[in-house]
Every structure is written in structure tokens, then in C-alpha cells.
Amino acid sequence: KRKIAILTSGGDAPGMNAAVRAVVRAAIVKGCDAYAVHEGYQGNDTTLKGKITLTTLKRHRLGLVDGGDMIKKMEWDDVQDYLSIGGTVIGTARCAAFRERPGRLLAAKNMIKKGIDALVVCGGDGSLTGANMFRSEWPSLLEELVKENELTAEEIEPFAHLNIVGLVGSIDNDMHSTDITIGAVTCLHRICESIDSISSTASSHSRAFVVEVMGRHCGWLALMAGIATGADFIFIPECPPHAGENWRENMCAEIKRHRDLGKRKTIVIVCEGAIDSELQPITAKDLTDLLTERLHLDTRMTILGHVQRGGSPSSFDRILASLQGVEAVEAVLASKPDIPSPMIAMCENKIKRVDLMKAVKLTGDVAKAIGRRDFEGAMELRDPS
Ligand code: ADP
């Protein structure tokens, strides 16, 4: 019987539970055993400090890395009601140990001890980079485990090939090769609801609001929220003001124009990773001060913060995660050593398998292009068509 494990890793996203539910139930329907790895790659030990070696790791309890009671067998009823719950019930974490080879070595050992040969990772680009690294190192990890007398050659024999499948759980919608990621639509909806609430009070008092939204280095949430709420001005990392452009002047002129037309409210949305042409951050505080000082508007700042990522997933995210979770299990069952690990994507409304390694690399290339101010290059990489 195949043993398929799922873990959620990195930043939580609404819909991750629906993905776990779909993977568990699809695995059971296909005659496999399903497992959930609790607390991501990390587990529940936050005391691990200093140099990470196999010896230090053995003294700690780490999620995939710990194995043991962090890897739990899941039955059909264990995921009851998962569809509507926000966040991730099985827990998530950031794990320094998994970034180092000894951490991945212990993870490999624990998986083999539990008989698990397929791992579905639901997380953002960081988690999927780690998953990709894990799979590419797998043969050498097994070799080392035998050399170190951690496992015998007989024990590793059935596990020569590791199946890894990536599901993209991220509120930021920042992964290449997929149109949308699990959690992004719910997060966008929550942002819009919040801005609607802000708008009514802004109109009442004729105030300006600068609203900071999440998204790290990806402006999708800010851009879409700007369109959906009719914001006056937005700032996103992918499209900073041009060098030499007096963007402060331009923003103030635009907002003044709106005010002169009779608008009683002003909404400026800024992505948390927004930058100017010198790659310096454009912050909500700077913008608030600017509107106060130059336009004499009664301006308030609202950092939406974690309210954006919490709460029940939208129907779209439940459906996306459910369809992709089933596809992940089918991808595991179809996998062969010579087929690259897949990431489950959504392209032009279709659930698709794409090459995990390529998607991870292209996501990194976009970030690097933005880092060297090649914004056109970044856009071209993101959407060559
Ligand atoms: P997200 O998956 O939401 O992007 P992070 O970037 O924090 O979140 O990554 C989550 C975890 O994935 C990290 O704590 C680490 O354990 C693992 N990870 C990230 N990048 C790498 C990497 N280059 N190599 C190995 N593991 C990684």
C-alpha cells in the first residue's frame, strides 16, 4: 500500500485545510494510506539554536525532521469540516533546520522509518524550493544514511525514488507558472471588505486613508484590491516610479484632481514590498505624512496586517484546493523516476501539472529581475505571452 504524506509549510493561507482534506480523502479512495506531517518541516521545537548537525537534530522534536508523533496517519473522518476552516489545522512553521542538509537527512530518515515515499507539500515559493531541493538530494541523502549506519541498504531499497508534489498555498499569488495560488482570492476578498469599511468612514469625515496590504514582493493583492475598490492610487513593487520622476508630486496632483471633482474620500493602497526607483521602501507612514503635509488632508494609516490572511476560505479557494489536492494524488500515482516532480497549477482555468523545478527557478528569476530594476524583464518572465 502506498503511503502518501501531506504537509503545510511557510506562511498559512486560507484553503490549505481543503487541500489537506482532498489529499487525504483522494489517497484513501485510491487505496493508499494518508499521513499528515504536523507543523511543516519544523515540528514544535523552537529551542534549536546554533550549528545544525545530525547529532543536535536527534535531540530535538522537529516536524518532518522529527518524524515520530509529528507524522500522523489520517483517516477519512479526521478531515471532517476542514473545508470551511481558515489557516491550517495541521500547523505550519518556518524551519531553519530544513535549509541545511543535516535537517533534510533526518527528514529522509524519518520518512523512510514511517514507510512514506510520497510527499505533497502545500506552501509558498520557499517551501517548494525546499521540497525541490529535498527531491534532488534524495539519492545522496539515502547513500549518506547508509554510510552513517542510520539505515540499512535493505531498508532504503524500496525508497529509491521520492515522489514530491507541490501545491501552491500562498496569499500573495507570487508563484510562477500558475495563474492563481490557494488563498489569494480569499485574502483579496478580505482586503476589499476592509477597504469598503474604511471607505464609508473616510467619506463621512472626508478623510484620506493609506492602506498597507500584504504581498511581500508581489503586487497582485494591491493591484487587484485597487481595481476592486476603485482606489485613487496604488504602489506595487513591480512598477515603481521611474528614475527622475517626481512621484510624490504626481500622486498629490492626481489626488487633488479627484478631490476637485468632488470626491470626499481618498484611498491609497501600498503593497508592503513597494519600492521607489532607488529600491528604497515606500511606506504607508511616508505616504500618510505626504498627504497630510502637502494636501492638508486629514489622513489616517491602516496596516491591515494578519486579518487579511485569517478566516474562512472563499468558495473559490475551497474548490481550487480540492481539485488540486485530488490532482496531486493522481500525480503521485502516475510518477516515475524520469518524470520531473510536478507542481499543481491552474492555467487558463484548467488544473495542470507543471515542472516544479522550473516554476521555482522562474519565480526566483522574477524576484532577481525586480532586484536589479529590470521591471520589463520581470513582466516578460512572468507572462511571456
Ligand atoms: P513560503 O513557503 O510561504 O514562501 P518560507 O520562504 O518561509 O515560506 O519557506 C518555508 C520553509 O521552507 C523554510 O522555513 C524552510 O524550512 C524551507 N525552505 C525555504 N527555502 C529553502 C531552501 N532554499 N532550501 C531548503 N529549504 C527551504
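Just above sits the structure.
I will try to describe carefully the structure that is included in this document. Predicted model only: the values in this text are computed from it and were never measured.

**Overview of the overall build of the protein chain**
Argument step 1. What the protein chain contains, in helices and strands, is 13 helices and 11 strands.
Argument step 2. Its C-alpha atoms put the protein chain at 80 × 45 × 40 Å along the principal axes.
Argument step 3. Here the protein chain holds 385 residues, and the buried ones make up 51% of them.
Argument step 4. For the protein chain, long-range pairs separated by at least 24 residues make up 76% of all intrachain contacts whose partners lie at least 6 apart in sequence.

**Concerning the site of the ligand**
Argument step 1. Surrounding the ligand, one finds 17 residues, the nearest of these being Gly 10, Gly 124, Gly 126, Ser 127 and Gly 130.
Argument step 2. Broken down by element, the residue count for the shell around the ligand peaks at 6 residues, all from helix α5 (residues 125-147).

**A look at the packing of α5 against helix α12 (residues 356-371)**
Argument step 1. With their axes 10 Å apart at the nearest point, α5 and α12 run at an angle of 135° to one another. Put simply, α5 runs oblique to α12. Note on packing geometry: the crossing formed by α5 with α12 is left-handed. Contacts from Asp 125, Leu 128, Thr 129 and Asn 132 of α5 reach α12 at Leu 356, Met 357, Val 360 and Thr 363.
Argument step 2. Looking at side-chain class alone, the contact of α5 with α12 contains 4 nonpolar, 3 polar and 1 charged residues.

**Some points on the nonpolar core**
One recurring pattern in soluble globular proteins: nonpolar side chains tend to sit buried together.
Argument step 1. Core analysis: the largest hydrophobic core is formed by 110 residues, its most contacted members being Val 23, Leu 221 and Val 270.
Argument step 2. Tallying contributions element by element places helix α1 (residues 16-29) first for this core, with 9 residues.
Argument step 3. Once residues lying within four places of it in the same chain are set aside, the contact partners of Val 270 are Val 210, Glu 212, Ala 222, Phe 235, Ile 282, Ala 284 and Leu 287.

**Looking at helix α7 (residues 184-205)**
Argument step 1. When the terminal C-alpha atoms of α7 are compared, their 32 Å separation across 22 residues agrees well with the 32 Å that a helix rising 1.5 Å per residue should span.
Argument step 2. On its buried face, α7 is in contact with β6 (208-213), α8 (220-229), β8 (266-271) and α11 (315-334).
Argument step 3. Once α7 ends, the next one or two residues include Ser 206, with phi positive near 55°.

**Description of the sheet that holds strand β2 (residues 33-37)**
Argument step 1. Taken in spatial order, the 7 strands of this open sheet run β3-β2-β1-β4-β5-β10-β11, and their pairing is mixed. This sheet does not close on itself; its edge strands, each paired only once, are β3 (71-74) and β11 (350-355). Ignoring strand direction, the axes of neighbouring strands in this sheet form an average angle of 30°.
Argument step 2. Sheet strands touched by α11: β1 (3-8), β4 (118-123), β5 (163-168), β10 (342-347) and β11. Its angle to β5, the strand with the most contacts, is close to 165°.

**Focus: the sheet that holds strand β9 (residues 299-303)**
Either a parallel or an antiparallel arrangement is found when strands of a sheet pair, and the pairing is made through backbone hydrogen bonds.
Argument step 1. Overall, parallel pairing links the 4 strands, which are arranged β7-β8-β6-β9 in an open sheet. Each edge of the open sheet carries a strand with a single partner, namely β7 (233-235) and β9. Across this sheet, the average inter-strand angle for adjacent strands is 15°, counted without regard to direction.
Argument step 2. Bridge count for β6 against β8 is 6 bridges, and the pairing is parallel. Across the sheet, the residue bridging to Val 213 is Cys 271, located in β8.

Cut-offs and rules
Residues numbered from 1 in each chain as written. Predicted model: local features only at pLDDT ≥ 70, side-chain atom pairs only at ≥ 80, totals over all residues. Helix = DSSP H or I, 4+ residues; strand = E, 2+ residues; numbered from the N terminus. Buried ≥ 20, exposed ≤ 12 C-beta atoms within 10 Å, placed from the backbone. Contact = placed C-beta atoms within 7 Å. Near = placed C-beta within 6 Å. Axes fitted to C-alpha atoms, helices over the stretch in contact; angles between N-to-C directions. Parallel < 35°, antiparallel > 145°, perpendicular 65-115°, else oblique. Left-handed = near helix turned anticlockwise from the far one by under 90°. Nonpolar A, V, L, I, M, F, W, Y, C, P; charged D, E, K, R; others polar. Core = buried A, V, L, I, M, F, W, Y, C linked by C-beta atoms within 7 Å. Expected span 1.5 Å × (residues − 1). Pairing = 2+ DSSP bridges.

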